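# Results of the structural survey
Listed below are the residues making up each chain.
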Amino acid sequence: MADDLKNGDLRNDETWRNKLTPEAFKVCRQKGTERAFTGALLDEKRQGTYRCACCNEPLFASDKKFDSGSGWPSFFEKIAEASVSEKSDVSHGMVRTEVVCAKCQSHLGHVFPDGPAPTGLRYCINSLSLTFTPK
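An account of the accompanying structure is given in this report.

Rules used in this analysis
Note on numbering: residues in each chain are counted from 1, in written sequence order. Local features in a predicted model are, by the rule used here, given only for residues with pLDDT of at least 70; side-chain atom pairs are given and counted only at 80 or more, and totals for whole chains, interfaces and linings are based on all residues. Computation of side-chain values covers all heavy atoms of the structure but excludes hydrogens and water. Under the scheme used here, helices are H or I runs from DSSP no shorter than 4 residues and strands are E runs no shorter than 2 residues, and both carry numbers assigned from the N terminus. Per-residue accessibility, obtained with a 1.4 Å probe over protein chains only, is compared with the maximum for each type, and a residue is labelled buried under 20%, exposed over 50%, and partly exposed between these values. Between two residues, a contact is recorded if the distance between any of their heavy atoms is within 4.5 Å. Any Phe, Tyr or Trp ring, taking Trp's six-membered ring, that has another such ring centre within 6.5 Å forms a pair; planes under 30 degrees apart are called stacked, those over 60 apart edge-to-face, and the others tilted. A pair of strands is considered paired only if DSSP assigns at least 2 bridges between the two.

So, on to the side chain of Ser 129. In this structure, Ser 129 sits in the loop between β8 (122-125) and β9 (130-134). Take Ser 129: its relative accessible area is 0%, and that puts it in the buried class. Sequence-distant contacts of Ser 129, that is, excluding residues within four places in its chain, are made with Val 27, Cys 28, Arg 51, Cys 52, Ala 53, His 107 and Leu 108.

This next bit is on the packing of aromatic side chains. Applying the stated rule across the entire model yields 5 aromatic pairs. Centroid distance Tyr 50 to Phe 132: 4.7 Å. Interplanar angle 50°. Geometry classified as tilted. On the criterion of sequence distance, the pair formed by Tyr 50 in strand β1 (residues 48-52) and Phe 132 in strand β9 is long-range, its members being 82 residues apart. One exposure class covers both Tyr 50 and Phe 132, and it is buried. Ring centres of Phe 66 and Phe 76 lie 6.5 Å apart, and the angle between their planes is 45°; this geometry places the pair in the tilted category. Of this pair, Phe 66 sits in strand β3 (residues 65-66) while Phe 76 is found in the loop between β4 (74-75) and β5 (84-89), placing the two residues 10 residues apart along the sequence.

Our next topic: the pairing of strand β6 (residues 96-101). Extensive coverage of β6 is indicated by the burial of 5 of its 6 residues. Across 6 bridges, β5 lies against β6 in antiparallel orientation. Following the sheet pairing, Glu 86 is matched in β6 by Val 99. Between β5 and the antiparallel strand that follows it, β6, lie 6 residues; His 92 among them carries a positive phi value of about 60°. Counting the residues between successive antiparallel strands, the hairpin from β6 to strand β7 (residues 107-112) contains 5 residues, one of them, Gln 105, with a positive phi of roughly 70°.

Here it is in structure tokens:
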């Protein structure tokens, strides 16, 4: 998938449906959320890289992951400034900051200003929007 995704090629829903599981499509392409404490990567403790499930772009490093108690994998820093983009999200009667893969615009989750030092940020990310590559 990553090799055939051209820069800026966001694909159409039918193509994404053929590439992703129904659950991953709902989260990544329709801005869904997996239930808390159910994600496959929540308790991942190995060293490695968390990548976009849609385009395989590196997004987060394992040494920036922490247990926030929120029920989703949480990171206090993205792997590179240009890897993750932010968008205003006013859905569900709340004002939040959505985070998406900068390469393919896949929905990842949200970022909150209640994380640990040194950034004070908590990137709260759906496991279904990630893959993990161990070192």
